[in-house]
Amino acid sequence: MKPDRWHGVPTRLRPLVEPSSRRGFFRTAGGLLITGSVLAACDSDGPERAGRWLAYAEKKNEGLERALFQHTAIGSAPASVQSAKGEFPSYFVSDTAPVWDDAASGVWRVEVKGLVARPLSLSLDDLRRMPLVTQRVPHFCVEGWTAVAEFTGVRVSSIAAAAGAKPDAAYVDFASFDDGYHESWDRESAEHPQALIVIAKDGAPLSPAYGAPARVHAPVKLGYKNTKYLTTLTYLPERNGGYWSDKGYEWYGGT
Amino acid sequence: MTSPDGAAMEAMSGTSSVPNGAAAGSVPEQHPAVVHRHHLIVRLTHWVNALALVVMIGSGLRIYNASPGFAPKGNSFCCWPWEGMAVPAWATFGGWLGGARHWHFAAMWVLVANGLLYLGFIWLHGEWRDLVPRRGFVRDSIEMVRFYMWVSREHPRQGKHNALQRGTYFLLPYVGAASVITGIAIWKPVQLGWLTALMGGYHWARWWHFMAMALLLVLSIGHVFMVFAVDPYSLRAMLTGGYNPAKSPEERNARPFVNLFGRPAPKEDA
């Protein structure tokens, strides 16, 4: 006879009132199978009623993300990852890459307005004359891919300071000439030292594929928050949604 | 070999509906008592965990499908031969990328809170002792593998959970923790950039996250397979808490799909 190691095993064993019933077993097993098949309602977007719970979770997550947020946290690209250069995906919501038409719309300028002491209208040359920052940073797409690029531009915080953006402007909306595309940010993220109004990528002026003449870029926000084909910064007391945020992606979109 | 078992069971359960002499009788009568195997908290956290894992893995795969692969743009990646290959839609949950992200970022709290409740409970209540490998783990595991591969005839006597189960149940919280930590590194790659850097960067963190998920999936599928193929009576234990020791795999000498119904184990000569 083999040694029986069941004995002495500290297992809690206490009799239930009812003895075992095979029918009960098959009933519970059957119930489980039904539950399983409901769960396996594959490729589904889940029950409708969950929407409120998901919205609640998004709000709580945003609160946590904003509490975690620090200007000293810097997005840096690992040295082992090469710049994407031409492999950097190019996205716009228009049918073709939007190109600013000087003849139709006049010379391109970026407007800074809303809750500011001095509304600004800056030309590309005005931007070039401001303090420029060059940073090699990762870009995080909501889809999960990353690309590394070297962006050159003016800090959003410099522009806010130049325009005298007011303290009660808790939000800023970045609008574009790409078929109404815009995204609004919390002011805190916009003041991050890596949040730039970018005019050059990898040492060359932005091309229409990458948001020319100027775009927003900051590694602290997911790609869709970084408006390209920029036309306007509006400082606001309230958030103003955004192109993808209004379609159901998280408004905060922070990294 | 069977009578001491029954006596011990009744001694531990505190009550006996069978006279002591009956232990020498037919095998099914000697474990009349259905014993209480799983505490309510264990049962509750088990099923919440099952649901949370289904939602997390399904929505995670939907998120993965938005950009299937790990190489940063303009780079190659050493360790993934299926770059660009999406997971079949039927295995995904959330409907679209934004929906899957909402589910993923909501259910993650359920997974974490439930996991902490479970770990806290088994720690305070002592159940962890049944769920950690013990002395002789390797030998016991080999015994189990030999039995399942028909090398040895008799189901090894290893108690409530055999060595393979103990190994799995011990590993699961660690793999779960790894999936949570790698997930945080993907969620906040700048604000918690030190954590992301620890894993080799964002694309490596995604890879580790995927691998942790894959291991969880393999262990879970193995677990569910063994429940139905070897110990379907444990389903009841995980639902009502009740378990009939006379129908344990040890008593039935159960290998996958063999001896599923209660019957006496082959007698072995002393």
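All values reported here derive from a predicted model rather than from experimental measurement.

**Details of the overall build of chain B**
Stage number 1. Looking only at helices and strands, chain B features nine helices and two strands.
Stage number 2. From first element to last, N terminus to C terminus, chain B shows the α and β order α-β-α-α-α-α-α-α-α-β-α.
Stage number 3. Here chain B holds 270 residues, and 34% of them are scored as buried.

**Some words on the pairing of strand E5 (residues 171-176) of chain A**
Where a strand is regular, its side chains alternate between the two sheet faces.
Residues and elements named next belong to chain A.
Stage number 1. Counting buried positions over the six residues of E5 gives six, a clear majority of the element.
Stage number 2. Residues of E5 alternate between two faces, with Tyr171, Asp173 and Ala175 on one and Val172, Phe174 and Ser176 on the opposite face, all of them buried.
Stage number 3. Note that E5 and strand E6 (residues 182-186) share five bridges and pair antiparallel. Residue alanine 175 lies in a different strand from E6, and its bridge partner there is histidine 182.
Stage number 4. Between E5 and E6, which pair antiparallel and follow one another directly, the connecting turn spans five residues, one of which, aspartate 179, has a positive phi of 55°.
Stage number 5. Sheet topology note: the E5/strand E10 (residues 230-236) ladder contains six bridges and is antiparallel. Note that in E10 the partner of alanine 175 across the bridge is threonine 232.

**Some words on the sheet that holds strand E1 (residues 109-114) of chain A**
All names here are of chain A.
Stage number 1. Reading across the sheet, the five strands line up as E2-E1-E10-E5-E6 and stay open at both edges, with mixed pairing between neighbours. Whereas interior strands pair on both sides, the edge strands pair on one side only; in this sheet they are strand E2 (120-123) and E6. Looking at each pair of strands side by side, their axes are set apart by 15° on average, direction ignored.
Stage number 2. Taken together, the four bridges between E1 and E10 define a ladder with parallel strand orientation. Counterpart to valine 112 in the pairing with E10 is leucine 233.

**Quick notes on the packing of helix H2 (residues 40-66) of chain B against helix H3 (residues 97-125) of chain B**
Residue and element names in this part refer to chain B.
Stage number 1. One way to put it is that H2 packs onto H3 with a least axis distance of 8 Å and a crossing angle of 150°. Judged by the angle between their axes, H2 and H3 are roughly antiparallel. The handedness of the crossing between H2 and H3 comes out as left-handed.
Stage number 2. Partitioning the contact of H2 with H3 into residue classes produces 18 nonpolar, seven polar and two charged.

**Examining the confidence of the model for chain B**
Low pLDDT marks regions whose predicted coordinates should not be analysed in detail.
Residue and element names in this part refer to chain B.
Stage number 1. Overall, the prediction assigns chain B a mean pLDDT of 87, with 85% of residues at 70 or greater.
Stage number 2. Scored below 50 in pLDDT, residues 1-26 makes 37 contacts in the model with residues more than four places away or belonging to other chains.
Stage number 3. For this predicted complex, the interface confidence reaches an ipTM of 0.82, while the overall pTM sits at 0.83.

**As for unusual backbone geometry**
Stage number 1. With an omega of 5°, the peptide bond running from alanine 212 of chain A to proline 213 of chain A counts as cis.
Stage number 2. As for its position among the elements, proline 213 of chain A is in the loop between strand E8 (204-205) and strand E9 (215-217).
Stage number 3. Positive phi is not limited to glycine here, since lysine 85 of chain A has a value of about 50°.
Stage number 4. When the 14 C-beta atoms within 10 Å are taken as the criterion, lysine 85 of chain A is described as partly exposed.
Stage number 5. Unlike most non-glycine residues, asparagine 259 of chain B shows phi in positive territory, near 60°.
Stage number 6. Assessed through the 17 C-beta atoms surrounding it within 10 Å, asparagine 259 of chain B is described here as partly exposed.

Cut-offs and rules
Residues numbered from 1 in each chain as written. Chains lettered and ligands numbered in written order. Predicted model: local features only at pLDDT ≥ 70, side-chain atom pairs only at ≥ 80, totals over all residues. Helix = DSSP H or I, 4+ residues; strand = E, 2+ residues; numbered from the N terminus. Buried ≥ 20, exposed ≤ 12 C-beta atoms within 10 Å, placed from the backbone. Pairing = 2+ DSSP bridges. Axes fitted to C-alpha atoms, helices over the stretch in contact; angles between N-to-C directions. Parallel < 35°, antiparallel > 145°, perpendicular 65-115°, else oblique. Left-handed = near helix turned anticlockwise from the far one by under 90°. Nonpolar A, V, L, I, M, F, W, Y, C, P; charged D, E, K, R; others polar. pLDDT = per-residue confidence, 0-100. Contact = placed C-beta atoms within 7 Å.

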